[in-house]
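Given next are the chains, with one letter for each unit.
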Amino acid sequence: MPVRMRTALVPFAALPLVACAGQQSALDPQGLQSTQILNILFIFLGVAAIVWIAAMIVLAVGMLRRNRTADQPLALHQPFERTAGRVVFILGLATLVIVLGLSIVSYAGQRTVFAKDEHALTLKIIGHQWWWEIRYEDDSPDKSFVTANEIRIPTGQPVKVELESADVIHSFWVPSLTGKMDLITGQKNELQFTAKTAGVYRGQCAEFCGLQHAHMAFAVLALSPDEFGRWRDNENRSANSPTDQLGKQGEQQFRARGCALCHTVRGTLAGGQLGPDLTHIGSRTTVAAGTLPLTPAALGAWIADPQHVKPGNLMPKMPLQSNELIAILHYLEQLK
Ligand code: HEC
Ligand SMILES: [Cu+2]
């Protein structure tokens with residue numbers, strides 16, 4: 001391609017940005033905090049663009065008006081020197097004002113982004129290689145429960161997440177709602193956000209944390225307060241008991257085949273702590289931290305060979321007969 005044509009095409013390289021909307025985009029904010037962050041970005045970008053364009057104009061004028069034919073190019077012209085000194089002084093002052101202004105914008109923005117609300121819904125989130133443990137805590141223990149890889153929140157209400165890690169450093173990031181915050185062992189970090197609109201927002205671990213870092217995603221489902229209340233009531237309950245023979249077999253196999261050593265299903269003998277809580281796995285939207293959508297086929301594929309789906313993850317491949325797999329799958333699907 002001729003150089004000229006290539007140059008002409010450069011502006012079109014920005015076109016993909018037009019598509020920066022949707023489930024996971026800091027440019028399509030759906031939260032109070034992410035809106036604030038985007039405003040700060042636009043103000044900084046605008047000021048930087050104006051300064052850059054002004055500098056380019058001065059440069060262009062200088063190049064066009066340069067005086068090639070002066071007999072003594074190095075001679076000083078007093079009046080010109082005085083004007084130049086004044087211009088430099090004014091521009092220096094302008095720089096100071098701009099930097100101060102941007103600092104104030106940044107400070108004011110951060111006050112909103114990091115503001116804390118006493119009445120926020122509080123969740124504890126613990127990062128694991130490579131999944132998210134989500135604890136809804138309440139003053140009364142019968143209203144506290146644990147889930148994984150999916151956060152449901154009410155719209156319009158501040159949500160505070162307390163972040164910790166069980167192993168290495170992870171980073172909690174839901175671009176559509178707010179900025180990032182690290183999860184660090186032995187340290188409690190906090191982040192607060194408010195979803196303005198109902199919807200599903202994708203979150204992603206934003207700190208390289210090992211082999212399956214890329215498969216450490218989660219979903220934030222912002223629901224109307226009513227819907228959230230109903231979900232929370234259901235989540236509070238112990239697991240459904242299987243209603244049919246196959247489901248009962250599945251529950252048995254779940255214990256017999258060792259799944260219960262790593263997974264908790266509240267209200268049953270399964271109380272393992274190494275893997276995600278599966279009490280209501282049937283009502284979640286994804287399998288294995290956003291790696292697959294939750295469908296019977298995907299769930300079956302995961303249980304049959306988790307190491308094929310997500311190599312290196314901490315759930316071993318269990319040698320299951322096909323009838324055992326079918327029974328366990330049937331059991332888990334009923335855990336709504
Ligand atoms: C050694 C511990 C261990 C055993 C045994 C184990 N798992 Fe897991 N399981 C895990 C871990 C760890 C994860 C999270 C993997 C990830 O996403 O990185 C997981 C994830 C899952 C998930 C996905 C959960 C979610 O929120 O997406 C399901 C379903 C599951 N296991 C079912 C089973 C079944 C069924 C068995 C028995 C056949 C079993 N597991 C045995 C550790 C275990
Ligand atoms: Cu991570």
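About the thresholds
Residues numbered from 1 in each chain as written. Chains lettered and ligands numbered in written order. Predicted model: local features only at pLDDT ≥ 70, side-chain atom pairs only at ≥ 80, totals over all residues. Heavy atoms only, no water. Near = heavy atom within 4 Å. Polar contact = N/O pair within 3.5 Å; in protein donor to acceptor, adjacent residues only side chain to side chain. 1 Å grid on protein atoms, 1.4 Å probe; cavity = no way out; pocket = protein on both sides within 12 Å on 5 of 7 lines; lining within 4 Å. Sits in = over half its atoms within 2 Å of the grid points. Helix = DSSP H or I, 4+ residues; strand = E, 2+ residues; numbered from the N terminus. Nonpolar A, V, L, I, M, F, W, Y, C, P; charged D, E, K, R; others polar. Domains from an automatic or database assignment. UniProt positions renumbered as here; feature names shortened; annotations may be inferred. Donors = N, O, S within 2.8 Å, 3.2 Å for Na, K, Ca; no water. Tetrahedral: all angles 85-135°; square planar, octahedral: opposite > 155°, others 65-115°. Buried < 20%, exposed > 50% of the residue type's maximum accessible area, 1.4 Å probe, protein only.

Engineer: Sorry, what's going on with the site of ligand 1 here?
Structural biologist: Near ligand 1 there are 28 residues, and of these C259, C262, H263, A288 and M315 occur at the shortest range. Here an oxygen atom of ligand 1 sits 3.4 Å away from a polar atom, N or O, in the main chain of W130. Residue R284 places a side-chain N or O atom 2.8 Å away from an oxygen atom belonging to ligand 1. Judged by the fraction of its atoms near the pocket grid, ligand 1 is located in the largest pocket. If you tally residues by element for the shell around ligand 1, the top one is helix α7 (residues 296–304), at 3 residues. For the shell around ligand 1, a count of residues per class yields 20 nonpolar, 6 polar and 2 charged. Looking at which domains feed residues into the shell around ligand 1, each of domain 2 (121–226) and domain 3 (245–333) gives three or more.

Engineer: Even after reading the chapter, I still don't get the UniProt feature "domain: Cytochrome c" (unreviewed entry) in the chain, so can you show me in this structure?
Structural biologist: The UniProt feature table records "domain: Cytochrome c" (unreviewed entry) at residues 245–336. Taken as a whole, residues 245–336 contains 45% helix and 4% strand, while its terminal C-alpha atoms sit 18 Å from one another.

Engineer: What am I meant to see in the coordination of the iron atom of ligand 1 here?
Structural biologist: Under ideal tetrahedral coordination, the four donors around a metal are separated by 109.5 degrees; under ideal octahedral coordination, the six donors are separated by 90 or 180 degrees. Distances from the iron atom of ligand 1 to its protein donors, H263 (NE2) and M315 (SD), fall within 1.9 to 2.2 Å. Because the angles between the 6 donor atoms bound to the iron atom of ligand 1 fall within 85 to 179°, the donor set is best described as octahedral. Separated by 52 residues along the polypeptide, H263 in the loop between α6 (259–262) and β11 (286–287) and M315 in the loop between α8 (306–309) and α9 (322–333) bring together distant segments of the chain. According to the relative accessible area criterion, H263 is buried, its value standing at 11%.

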